[in-house]
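Here is what each chain is made of, one letter per residue.
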Amino acid sequence: MPTFSAITRVCMTAALCSITALSFADMTVNVGGRVHLDAALYDEDVTELGSGTEFRRLRLFASGNIDDNWKYKVNLDFADGEADVKDAYVAYTGLNIGTLKIGHFKGPFSLEEMDSSKYITFMERASNAIFVPGRRVGVGIENAVGNNTYALSIFGDSAGDNGGDEGIGIGGRFTTAPKLSDTRFAHFGVAFAYEEPAETGGDGTVRFRSRPESHVTSTRLVDGGTIADVSNLVRVGVEAAYASGGFSAQSEYMRVSVDAAATDVDYDGFYIYASYFPWGGSRPYKKGVFQRVKAYNKWEFAVRYSTLDLDDTGGGTQDNITFGVNYYVNPYLRFMTNYTLVDVEGGINGDEDPSILQMRVSFDFK
């Protein structure tokens, strides 16, 4: 049976051969980027978190057309001082069943994950985002039909994760968004992913741990530990959202089940939040995800509750309540403030209740 790497090489070779046969006159190049500058102040309880600042994201991208039916995108992040690959793929749009992607891109899983970091309501995604497969090298198909979307991908490891036999997985997401009126709609979605992890040193290992929904610190407060001899893991997600004018709400439940030689492990997590623009503004929605807020000199207020349970391996639980205020200068520049109350039970350092005040300057260009 051919390995995933071999399958990917064949697909990439075919795509590149098609590309080289085209005229360079058909190509277009769009250049853009985003900058997220964060500052965080931690009211620590037990664990030292380390108040400070960081560039959360410092990205440059190029995208465009290679031909009428071929597109591309390359997206690099320089926030840690190196060029980290985010997106790097070609896409073929000439199929009736949808767009074919080949390269490194987000696997189809989670409403909050599929939303761009340029558009998410809070500075960080909820803590159950640790269950999302994220960006992987793979081949995928995605399409929107009316108010419904579907996506399916076969994937290996993330860029730079070489070091043993490559893992392989398959994932998919389906959403529907019934329109309730001219200004109201609902969203429902389900997602799954089955994965046989990469083998490092002769066995597959996985680990799930989480920051307290703040990235300036690199410290985790809950950690399920390394699970060895993993044969496979299954991820499932259920998502829902509702929007009416300036009000919106969304929620996601995720669960991951790990099949290991020593034991079977189950983790899960959940969040729910609401957002409101009191003086005009709304969160646009299209093709299964929320889009850029097209607001000028507008305020957004939001609150989120999240919970994460890694207790099956003694990793502890983490409950967070976050209050958010966003000020939109225009659709490309906003100032974000989050205040988070954290409640950890049975974590790495036992029970603790830190709080976090963090702010972000967020702007992008294209």
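Residues numbered from 1 in each chain as written. Predicted model: local features only at pLDDT ≥ 70, side-chain atom pairs only at ≥ 80, totals over all residues. Heavy atoms only, no water.

Draft legend 1. Structural context of the side chain of Lys-101. Checked against the element boundaries, Lys-101 lands in strand 5 (residues 98-106). Look past the residues within four positions of Lys-101 in its chain and what remains in contact with it is Tyr-89, Val-90, Ala-91, Gly-138, Val-139, Gly-140 and Glu-142. (Helix = DSSP H or I, 4+ residues; strand = E, 2+ residues; numbered from the N terminus. Contact = heavy atoms within 4.5 Å.)

Draft legend 2. Spotlight on empty space enclosed by the protein. Following the criterion strictly, the structure yields one cavity of 30 Å³ or more and no others. In this model, the largest cavity occupies a volume close to 90 Å³. Contributing to the lining of the largest cavity are Lys-118, Tyr-119, Arg-292, Val-293, Tyr-328, Asn-330, Pro-331, Tyr-332, Leu-333, Arg-334, Ser-362 and Asp-364. Of all the elements in the fold, those that place two or more residues in the lining of the largest cavity are strand 20 (317-330), strand 21 (333-347) and strand 23 (355-365). Residues that form the lining of the largest cavity fall into these classes: six nonpolar, two polar and four charged. (1 Å grid on protein atoms, 1.4 Å probe; cavity = no way out; pocket = protein on both sides within 12 Å on 5 of 7 lines; lining within 4 Å. Points joined across faces, edges and corners; volume = space filled by probe spheres on them. Nonpolar A, V, L, I, M, F, W, Y, C, P; charged D, E, K, R; others polar.)

Draft legend 3. Broad picture of the pairing of strand 23. When strand 1 (residues 30-43) meets strand 23, the two strands line up antiparallel, connected through 11 bridges. Its bridge partner being in strand 23, Gly-33 is matched across the sheet by Phe-365. (Pairing = 2+ DSSP bridges.)

Draft legend 4. Focus on the environment of Ser-248. Tracing the chain through its elements places Ser-248 in strand 15 (residues 247-260). Placed 118 residues apart in sequence, Ser-248 and Ile-130 show a C-alpha to C-alpha distance of 24 Å. Among all residues touching Ser-248, those that are not within four sequence positions of it are Tyr-242, Ala-243, Tyr-273, Ala-274, Ser-275 and Arg-283. At a separation of 3.0 Å, a polar atom in the side chain of Ser-248 contacts the side chain of Arg-283. (Polar contact = N/O pair within 3.5 Å; in protein donor to acceptor, adjacent residues only side chain to side chain.)

Draft legend 5. Layout of the nonpolar core. Ranked by internal contacts, the top residues of the largest apolar core, which has 27 residues, are Phe-131, Phe-208, Ile-227, Val-258 and Tyr-267. Breaking this core down by element, the ones donating at least two residues are strand 1, strand 9 (184-196), strand 12 (206-210), strand 13 (222-227), strand 14 (230-244), strand 15, strand 16 (264-276) and strand 21. Counting residues per element, this core draws most heavily on strand 15, at four residues. Residues in contact with Phe-208, not counting those within four places in the same chain, are Ile-130, Phe-131, Asp-223, Gly-224, Gly-225, Leu-233, Arg-235, Val-256, Val-258, Tyr-267 and Leu-310. The next biggest cluster of nonpolar side chains, apart from the first, holds six residues, and it includes Ile-66, Trp-70, Val-90 and Ile-102. (Core = buried A, V, L, I, M, F, W, Y, C linked by side-chain atoms within 4.5 Å. Buried < 20%, exposed > 50% of the residue type's maximum accessible area, 1.4 Å probe, protein only.)

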